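Report on the structure
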Amino acid sequence: MDISYPVTIAAARTWFKLGDITINMTGEEHIPEKGGALLAVNHLSFVDYIMAGVPGADRGRLTRFIAKKEVFDHPVGGPVMRSFHHIPIDRSYGAAGMKKAVDYLQDGEIVGIFPEATLSRSFLIKELKTGTVRIAAEAGVPLIPVVLWGTQRILTKGKKIDLSRHKTIGMEIGAPLPVTGEDPAAETAELKSRMEAMLDRLIKAHPAEEQPPGSWWLPKAYGGSAPTLEEAEAMYAEERRLRAERKAAKKKS
């Protein structure tokens, strides 16, 4: 039974209204009104869970998101995530989480997944994990690409939260991508290509006054100062190295 999730959706809609947040959304009709579907969402911000849940809510559906297990281990975030019936996945051993996602989908749920597996520091589409295609194929449900733009301005990695008013969020829900799971690498490449084209449309359609040249939230290829994909990957590598060092030091102590 869902109690907290609908309340949170109502609170989010109030936030959108009070904050004068404009959501420019297209393709909402691709979200099925019944039956399972897997939403493959790009990842720019810590509020992407909220924004990517909007199209489902508009169609009378609740989206169950796959999230890293560490979020569920948090004393505050964990109970909230479980109350929403989201799905934990252990990044070192994801089979159990993937199985649960398949079960949800076959039970007729809408499930959301971030196939980049982490926030994109470049705000472009990172390499995608093939698990997304494999989950949709095993469950026998539509794989629907969803691309967001503008959420990074609210709260993203390395930046302070910005709740100032008058922001625009772009969102495109693409047509379902047929997948069989017979060639996960090729089908994942096709998913990435579609998501890149969707992101390009959203960036170009975004109000120019909200992304002046040099903006930190705008990719370099579009005149901004965000890291390139290569620079962002170097940042990820350094973060992983430091995380491994902290983990090793914790074991020694």
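The structure contained in this document is the topic of the report that follows. Computed from a predicted model, the values in this text were never measured in an experiment.

Topic: helix 9 (residues 229-252)
The end-to-end C-alpha distance of helix 9, which contains 24 residues, comes to 35 Å, matching closely the 34 Å that a straight helix rising 1.5 Å per residue would cover. Every buried residue of helix 9 is listed here: Ala232, Tyr236 and Glu239.

Looking at unusual backbone geometry
Positioned with a positive phi, His85 is a non-glycine residue whose angle comes to about 60°. Locating His85 in the fold gives a position in the loop between helix 5 (77-83) and strand 4 (87-89). Judged by relative accessible area, His85 falls into the partly exposed class, the value being 29%. Despite not being glycine, His166 shows a phi value in the positive range, around 65°. Take His166: its relative accessible area is 48%, and that puts it in the partly exposed class.

Focus: the pattern of salt bridges
A pair can form between side chains of opposite charge whenever their charged atoms are brought close. A complete count under the given rule lists 18 salt bridges for this structure. We note a salt bridge from Arg59 to Glu33, for which the minimum N-O separation is 3.8 Å. Note that Arg59 is positioned in the loop between helix 3 (54-58) and strand 3 (63-68) and Glu33 in the loop between strand 1 (22-26) and strand 2 (37-41), a separation of 26 residues in sequence. Relative accessible area serves as the criterion here: at 57%, Glu33 is assigned to the exposed category. Note that Lys99 is salt-bridged to Asp103, the shortest N-O span being 2.9 Å. A residue pair is termed a helical-turn pair when its members lie 3 or 4 positions apart in one helix, as Lys99 and Asp103 do in helix 6 (residues 95-106) at four residues.

Digging into the side chain of Thr168
Locating Thr168 in the fold gives a position in strand 7 (residues 168-173). Polar side-chain contacts of Thr168 include one of 2.6 Å to the side chain of Glu210. If we skip the residues at most four places from it in the chain, Thr168 touches Thr22, Asn24, Trp149, Gly150, His206, Pro207 and Glu210.

Focus: the packing of aromatic side chains
Scanning all chains against the criterion turns up seven aromatic pairs. Their ring planes at 20° and their centres at 4.6 Å tell us that Tyr5 and Phe84 sit as a pair that is stacked. Of the two residues, Tyr5 is situated in helix 1 (residues 4-18) and Phe84 in the loop between helix 5 and strand 4; the sequence distance between them amounts to 79 residues. For the pair Tyr5 and Phe84, one class covers both residues: buried. Three or more aromatic residues joined by ring pairs form one cluster here, namely Tyr49, Phe65 and Phe114. Across the ring face of Trp217, the terminal group of Arg153 is positioned such that the distance to the ring centre comes to 4.7 Å.

The rules behind these values
- Residues numbered from 1 in each chain as written.
- Predicted model: local features only at pLDDT ≥ 70, side-chain atom pairs only at ≥ 80, totals over all residues.
- Heavy atoms only, no water.
- Helix = DSSP H or I, 4+ residues; strand = E, 2+ residues; numbered from the N terminus.
- Expected span 1.5 Å × (residues − 1).
- Buried < 20%, exposed > 50% of the residue type's maximum accessible area, 1.4 Å probe, protein only.
- Salt bridge = Lys/Arg side-chain N within 4 Å of Asp/Glu carboxyl O.
- Polar contact = N/O pair within 3.5 Å; in protein donor to acceptor, adjacent residues only side chain to side chain.
- Contact = heavy atoms within 4.5 Å.
- Phe/Tyr/Trp six-rings, centres within 6.5 Å; stacked < 30°, edge-to-face > 60°.
- Lys NZ or Arg CZ within 6 Å of the ring centre and 35° of its normal.

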